Amino acid sequence: MKTFSHLIEEVQDKGLCHHCGGCVAFCTAINYGALESGEDGRPRYRDQEKCIECGICYSICPEIRELDEETKNLVSWSAPMGCIMGTTVARAIDPEVRSRGTDGGVVTALLLHLFGRGHIDAAIVSKKATPFQRQPWLAFSRDEIIAAAGFHFDTVASLNHFSQTYTTYSPSIVKLKDVAKTPRMRVAFVGTPCQINTIRRMEVLGVVPSDAIKFRFGLFCAGNFQFGQEERRRLEEIGNFTWAEVSKVNLKEELLIHLHNREVRCIPLERLEFMKRYACRFCDDYAAEYADLSFGGLGAPEGWTTVVTRTPLGQALMGRASGVNIEVSPRRENPLLTSQAAAKVLEWSEKKKQSAAQHFQELEKQAI
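What you see is a predicted model; the values in this text were computed from it and never measured. (Residues numbered from 1 in each chain as written. Predicted model: local features only at pLDDT ≥ 70, side-chain atom pairs only at ≥ 80, totals over all residues. Heavy atoms only, no water.)

### Comments concerning the environment of asparagine 261
Moving on, step 1. Among the secondary structure elements, asparagine 261 is positioned in the loop between strand 9 (254-259) and strand 10 (264-268).
Moving on, step 2. Put simply, asparagine 261 and serine 247 are 14 residues apart on the chain and 8.8 Å apart in space, counted from C-alpha to C-alpha.
Moving on, step 3. A polar side-chain atom of asparagine 261 sits 2.9 Å from the main-chain amide nitrogen of glutamate 263. (Helix = DSSP H or I, 4+ residues; strand = E, 2+ residues; numbered from the N terminus. Polar contact = N/O pair within 3.5 Å; in protein donor to acceptor, adjacent residues only side chain to side chain.)

### A closer look at the sheet that holds strand 8 (residues 246-251)
Moving on, step 1. Strand order in this open sheet of 3 strands is 8-9-10, and the pairing throughout is antiparallel. Taken across any chain shown, the strands that pair with only one partner, and hence form the sheet edges, are strand 8 and strand 10. With strand direction ignored, the average angle separating the axes of adjacent strands in the sheet is 15°.
Moving on, step 2. Looking at chain direction, strand 9 and strand 10 are connected through 5 bridges and run antiparallel. Counted as the bridge partner of glutamate 254 is proline 268 from strand 10. (Pairing = 2+ DSSP bridges. Axes fitted to C-alpha atoms, helices over the stretch in contact; angles between N-to-C directions.)

### Some thoughts on the nonpolar core
Moving on, step 1. By size, the foremost hydrophobic cluster in this structure holds 29 residues, and its most contacted members are Leu110, Leu111, Val125, Phe217, Leu293 and Phe295.
Moving on, step 2. Contact partners of valine 125, with chain neighbours within four places excluded, come to Leu111, Gln135, Pro136, Trp137, Ala139, Ala148 and Val190.
Moving on, step 3. Met81, Ile257, Met275 and Ala287 belong to the second-largest nonpolar core, a separate cluster that totals 23 residues. (Core = buried A, V, L, I, M, F, W, Y, C linked by side-chain atoms within 4.5 Å. Buried < 20%, exposed > 50% of the residue type's maximum accessible area, 1.4 Å probe, protein only. Contact = heavy atoms within 4.5 Å.)

### A closer look at the environment of isoleucine 326
Moving on, step 1. The topology assignment puts isoleucine 326 in strand 13 (residues 326-328).
Moving on, step 2. With relative accessibility at 0%, the residue isoleucine 326 sits in the buried group.
Moving on, step 3. Through-space distance from the C-alpha of isoleucine 326 to that of alanine 109 is 6.6 Å; in sequence the pair is 217 residues apart.
Moving on, step 4. Apart from the residues lying within four places of it in its own chain, the contact partners of isoleucine 326 are Arg91, Ala92, Ile93, Val106, Ala109, Leu110, Met318 and Ala321.

### Concerning the pattern of salt bridges
Moving on, step 1. Overall, the coordinates contain 22 salt bridges when judged by the stated rule.
Moving on, step 2. Notably, a salt bridge pairs aspartate 292 with arginine 216, separated by 2.7 Å at the nearest N-O pair. Of this pair, aspartate 292 sits in the loop between strand 10 and strand 11 (293-296) while arginine 216 sits in strand 7 (residues 213-219), placing them 76 residues apart in sequence.
Moving on, step 3. Connected through shared salt-bridge partners, Arg200, Glu203, Arg216 and Asp292 make up one network. (Salt bridge = Lys/Arg side-chain N within 4 Å of Asp/Glu carboxyl O.)

As structure tokens, then:
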């Protein structure tokens, strides 16, 4: 039976750990207490003597392939980009949600739909902590969901710590102590492809906290970019701007820096390699292929969101929310928009898969 020690050797030591937090989430949820997340989000032993060597932390890691077939069967995955029941270009109907959210604000609108109709008790999202940092947040109300809306500079926060309450790790976890007294919590989770992958592997094994997560919203992901002090300085040079001038940042085919004077600085992603987390070079999932619904601005006009529907659950949600919380782009204005958006997502998906394969080949050569 392989354990967390093998994860250190096979994943962490090779720089492949995405800090998704799945291993810590499981270990904490059942109160084993063997693992914890470090200040940098990296999983580590908290007390190795408490490890019962069950091997689950190893199995649910998205970089370990032993549950690949079972996970793919769970979501009816098929090549080249997972199960696709449909692609839509949409936006939130509520102007406030559109103004606060990223692209068309569809993720926020759907969370509000679920919350307003009593389908979920809370949503695991990421909330802005400082201009260049975000933190995991368990949102319990409409105002908290809207407050967490929008693109933030740092990486999507990981579910580093689930307690028995099925909440997510946050420096302010003590503020969520009341959740611990609430059984049978129903949660919607918003995260990156690697995080969704981990949750699905937990589902395959039937382990907590996956049973609390009822809806899985995946975000298109070209990689996680770190905005440290030196990275921000270099971006100012590349884009010819200062951060004091910035009103909004978005990520599509390029990094888009919106300035207060309404100018936009467009920086190609290939110029951001110095900011990309090393492990992201080995990830082959751009479009969150294991989610119920996948979202991103790629392929959509400004102010709209491309939505890929992947499961019957996601399809039902889109149907119920259409005309209530979200609106679909009128086909008559651009009959080819949806097919063009789908093609663009597929293009970027293939590009990421090819890049990951190339980086793995280079890693294998270095090991020889």
